[in-house]
Amino acid sequence: MANRTLWAQRLVALFLLGCLLFSYPLLALFDSRGEVFGIPLLFAYLFAAWALLIVLMIWVVEGSRR
Amino acid sequence: MPLGGLILLTSCAYLGVLFAIAYWGDKRADAGRSIIANPYIYALSMAVYATSWTFYGSVGRAAVSGVGFLPIYLGPTLMAALFWLVLRKMIRISKANRITSIADFIAARYGKSALLGGLVTLIAVVGVIPYIALQLKAVSSSFLIFWQYPAIQMPSQSEAMGPLQDTALYVALLLALFTIVFGTRHLDATERHEGMVAAIAFESLVKLLAFLAVGIFVTFVLYDGFADIFDRAAQLPDIGQLLTLGGPAGTYSSWAALIFLSMLSILFLPRQFQISVVENVNENHLAKAIWLFPLYLLAINIFVLPITFAGLMHFSAGTVDADTFVLTLPMVHRQEALALLVFVGGLSAATGMVIVETIALSTMICNDLAMPLLLRWKALGLAQRRDLSRLLLGIRRGAILLLMLLGYMYYRAAGEAYALVSIGLVSFAAVAQFAPAMLGGMYWKQGSRAGALWGLSLGFLLWAYTLLLPAFAKSGWLPLSFIEQGPFAITWLKPTALFGLDGVDELGHSLFWSLLVNLGAYVGVSLFGRQSSREHAQALLFVDVFKSAGRGASLWRGSASMTEVIALVGRFLGPDRAAAAFANYASRRGQRSSADLVHFAEQQLAGAIGAASARVMLASVVQEEPLGMEEVLGILDETSQVIAYSRRLEQQSQELETATRELRAANERLRELDRLKDDFISTVTHELRTPLTSIRAFSEILNDNPDLEQAQRAQFIAIIVKESERLTRMINQVLDLAKLEAGRVEWHASEIDLAEVIDDALATTSQLMQERGVDIQLDLPPRVPPVIADRDRLLQVLLNLITNAIKFCDRESGRIGIAVQVLPEALQVDVRDNGRGIDAADQDTIFEKFRQAGDNLTEKPQGTGLGLPISRQIVEHFGGRLWVHSESGRSGTGKGATFSFTLPLGQSDVAVPGPGHETEDKT
Amino acid sequence: MSKTVLIADDEPNIVISLEFLLKQAGYRVVVAHDGQEALEAIRRESPDLVLLDVMLPRLSGFDVCQKIRENPDWRDMRVLMLTAKGREVEVSKGLALGADAYITKPFSTQELLAEIATHLGGK
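Residues numbered from 1 in each chain as written. Chains lettered and ligands numbered in written order. Predicted model: local features only at pLDDT ≥ 70, side-chain atom pairs only at ≥ 80, totals over all residues. Heavy atoms only, no water.

Under an unreviewed UniProt entry, the name given to chain C is Response regulator receiver protein, and the source organism is Marinobacter lipolyticus SM19.

An unreviewed UniProt entry annotates chain A as DUF3311 domain-containing protein of Marinobacter lipolyticus SM19.

Next up, the structure:
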């Protein structure tokens, strides 16, 4: 169960990370008309950050089961 | 038209498949082999969050606000990270209290308040009806557009269309029928619908596949990947605003408000509560949902912008509603199959939402609105009716139909006022009003019924004023001046700029005021009011759900007739189900007090008719003695907190006491050791000084008298040599003992033959024995089993005992005896002398260091006084014992003393029979 | 007339050495091997000086010393405590009981003889 409380805490940390990633001022850094590989910067950033969060969640939830 | 027929056929076939899945799921559940007991199904069913509002509306919203459609999905992603913390507690509370809806949850938390349950139901119904309307609109317009294939023609609202020609009405009725059929098949105490969940999970798959199919078609078939679409879209006017924030895509604050709002709605939308809390089979399924659900949302959104841009580029501005791009893009490119798939996907998105939402709402309406009213309406005589289960089902079915028709009416009346996404947000803002009462109720014991009531009412009013009324005004039901100038031209009452709060978008504005007032009233009233005892009891049950499992029965006191209670439950669940439930309960828990049974009955009833009504019903058959506030506080606080606290204190003080005791003992031991060490050193120095004295004295005598006689000289030198030897021996033994006591001795344990060691010892001492004229008598068994010991050390022990015996045996006719006995588990060696024996008082002290049986001997014994302590240490090291037995020889004609020691037999010879027996060779 | 010295010690070799030394110095020597014997010898011989070992069997040196001092007849008898126990407590205990000097073992034979001579010299 100690394991469980640990990953609950890790998930809260991810929540805070997500709040940071999806709000001002980090958002403002990418809020411009630039492009990465032909994809608008903000769009690319949002989906990349989103995917990163999900990967981290998978890592926390599934990784700690083993 | 063949295509029209195909559309109808496909729709019916799809609903048929859904029904089949639901039916199969229910059958499996009845058979006890649940198909939804699977974390993937659970996570997929959560995706009921993505409705037609997502399926069609995201593109519509993206066309206007670009990336502004995303926060609605980012919020749930963030909340998913908190699922384990928040949702799990919600599930645990709901399971423990048989809660079947949000209304039930809030009512139960605040003292099973029927009023609160009714209010929550009202807010949920009013708030969610527009959302249902939205689904009906989506299905009917997608149907109408597809019907026109291959033409692309927007269904026009201006065209006067009677309700009977309106497809939306038929959609509504069809969905109502469908929901009734597999949403209210039977009444269950847990209010779970396994078949429905299976169907919803399937729908989630369908809508995802359909959307991905369109996305891939548009992005990779029509265009050359993401980069290509974005590249070409660069020519679109205002494209820049769509891809950055600050413009139509929303400011940072509105972006944050949307994220916050969608975080709350993923918890508090009635359908989400139904799926993720009520229908949850296993808390651990949450773990999978934590990442799978956000992943689903990401997948269904990744192609939104490409489809939007493709639509904007393809259709000239204004001709085609962006809400329909998902469907019209495949149509215009003559992809009938894909368009059909999209249509089915949209249908699944809408039906999924409608089914779950109406089931959830109908449960609320039945349990928290209709039943309390009907039960109080004495004239109906409901409380006396025998079987109410049919009535309950009837109410639910009626509620579903009613909800669907209300949705339809809203759609007819206001459907065109807002784009799809805006309607959805109105609903989100409505259910966000539940947040203070729900979350406060879960984590804050002080939160009171009055606080929740005030907070919810005021929040709801402000929501209606700032969001719903403007929507009505935009639909033409109210004069537009109402929004533009404020009611009666009072500008500070302007619904969209209350108290002059301007510059925030409508949603953020509404959210700010409604939640501020809601939270303020909830907290304020709770803090300054008092909870009733029942409220306090429920608050503890909710907040401490992880601590106090299965409590609550103890809070009831009174008398009840069991047959009446069972009959009562039977009236709601059906007599057979009730009898089965009680039989099951009895077999599981054994004979319990009536309080326990009443508690169980209340739980059963709560599942069927809600917590508040269940209490009212039970009160009619049992005589409850009201518990005072102090008593409840006594029962709950004492048992849960005070006792736990005092137990902890008690435990701590006990631990402290033990520690203190141990410390004191240790200290005592240390002091004792210190004293012993002191004594030891003093004794050692004394013992060392004695031979040293002789040595020095004779050395000086020899030195000062060079002309001493030869004989005397020789005598003195002999004394010096002898005393030196004594000194050396003493030093060696002191060191030896110190090493033994410190455990720094190297032992060379091996299997040894004791008889052989005894022979050795006798050989060594034979000289001394001859000098003293001592007789030796040896008594060995035929075969001495081997023991495990250090041979040299054992020899040391034997030598010590034998020389002692020689020294102390009778002067005139000394006789010593050595005997070996084989005991069941050990060997015993006795060394006997015929001296004067040892006083009982001395028998212990002789084993102490430097204590020779001594003070009243006429002659000072020879030796160091360390032999016996050393021998005892050695014997004990090998697990044996060394002791002396002597019939005290006060008179001087003693019977001698016998020193005995044992040594445990080696493992292989443990089973050796008693002394004197021949033993078999077991090696 | 030569002075009489009683040697009360249980260590035979020490007794031998003391006996030799004192006889060589011209004293008359009486020997006792334990406390009881020592008291008897004192009664019998009334020695001028007693060389008293503390750790005597049967009756300790302290007891013997106390007995000597209790008896006014023996007021002039000199008592020299001889012991291997050199701790402060023992020394002060011996002196408190009325011993004239306290000599720790091992002793220097010269010093011992000098000490004895000092205590007997006055007579």
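1. Re the pairing of strand β7 (residues 826–833) of chain B
Residues and elements named next belong to chain B. We apply this condition: Residue exposure (1.4 Å probe, protein chains only): buried if accessible area is under 20% of the type maximum, exposed if over 50%, otherwise partly exposed. Going along the chain from the N terminus, every DSSP run of H or I of four or more residues is numbered as a helix, and every run of E of two or more is numbered as a strand. A pair of strands is considered paired only if DSSP assigns at least 2 bridges between the two.
Taking burial as the measure, the 8 residues of β7 include 7 buried ones, the bulk of the element. Looking at chain direction, strand β6 (residues 815–822) and β7 are connected through 7 bridges and run antiparallel. Bridging across to β7, Gly 817 finds its partner in Arg 832. In this structure, β7 lies alongside strand β9 (residues 897–904), joined through 7 bridges in antiparallel fashion. By the bridge assignment for β9, Leu 827 is matched with Leu 903.

2. Some words on a nonpolar patch on the surface
Let me state the cut-off plainly: In this analysis, a patch consists of residues with relative accessible area above 30% that form no salt bridge, clustered at 9 Å for like charges and at 5 Å for the nonpolar side chains Val, Leu, Ile, Met, Phe, Trp and Tyr. Per-residue and other accessible areas were derived by the Shrake-Rupley procedure at a 1.4 Å probe size, with only the shown protein chains allowed to occlude residues. We count a salt bridge whenever a side-chain nitrogen from Lys or Arg sits within 4 Å of a carboxyl oxygen from Asp or Glu.
Side chains of B:Tyr170, B:Leu173, B:Leu401 and B:Leu405 sit close together on the surface and give an oily, nonpolar patch of about 330 Å² of accessible area. Tracing the sequence through the fold places B:Leu405 in helix α19 (residues 389–414).

3. What to know about the sheet that holds strand β4 (residues 775–779) of chain B
Residues and elements named next belong to chain B. We count it as follows: In this analysis, axes come from line fits to C-alpha atoms, helices being fitted only over the stretch in contact, and the angle between any two N-to-C directions falls in the range 0 to 180 degrees. Every residue pair with non-hydrogen atoms within 4.5 Å of one another is taken to be in contact.
Reading across from one edge, β4-β6-β7-β9-β8 is the order of the 5 strands in this open sheet, with mixed pairing throughout. Only two strands of the sheet have a single neighbouring strand rather than two, namely β4 and β8 (882–886). Across this sheet, the average inter-strand angle for adjacent strands is 15°, counted without regard to direction. Two elements, β8 and β9, share 5 bridges in a ladder whose sense is antiparallel. Each residue of the ladder has a partner; that of Trp 883, found in β9, is Ser 900. Against the sheet, helix α35 (residues 867–877) engages β8 and β9, with an angle of about 125° to β8.

4. Brief notes about the environment of C:Ser60
Checked against the element boundaries, C:Ser60 lands in the loop between β3 (49–53) and α3 (61–70). Placed 26 residues apart in sequence, C:Ser60 and C:Asp34 show a C-alpha to C-alpha distance of 7.9 Å.

5. A short note on the interface of chain B and chain C
Put simply, the rule reads: Buried area: the accessible surface (1.4 Å probe) lost by two parts on joining, summed over both. Two N or O atoms count as a polar contact when they lie within 3.5 Å, although within protein this holds only if one can serve as hydrogen donor and the other as acceptor, and sequence-adjacent residues are included solely when both atoms are side-chain atoms.
In this assembly, 28 residues from chain B lie in contact with 22 residues from chain C. Taking both partners together, chain B and chain C bury about 2,300 Å²; carbon and sulfur atoms supply 56% of that area. For the pair chain B and chain C, the number of links is 1 salt bridge. In this structure, B:Arg726 and C:Glu11 form a salt bridge, with 3.0 Å as the shortest nitrogen-oxygen distance. On inspection of chain B and its partner chain C, the count reaches 6 residue pairs in polar contact (both at pLDDT 80 or more). For the side of chain B that touches chain C, the elements supplying multiple residues, two or more each, are α30 (629–704) and α31 (710–742) of chain B. A per-element tally of the side of chain B that touches chain C places α30(B) first, with 15 residues.

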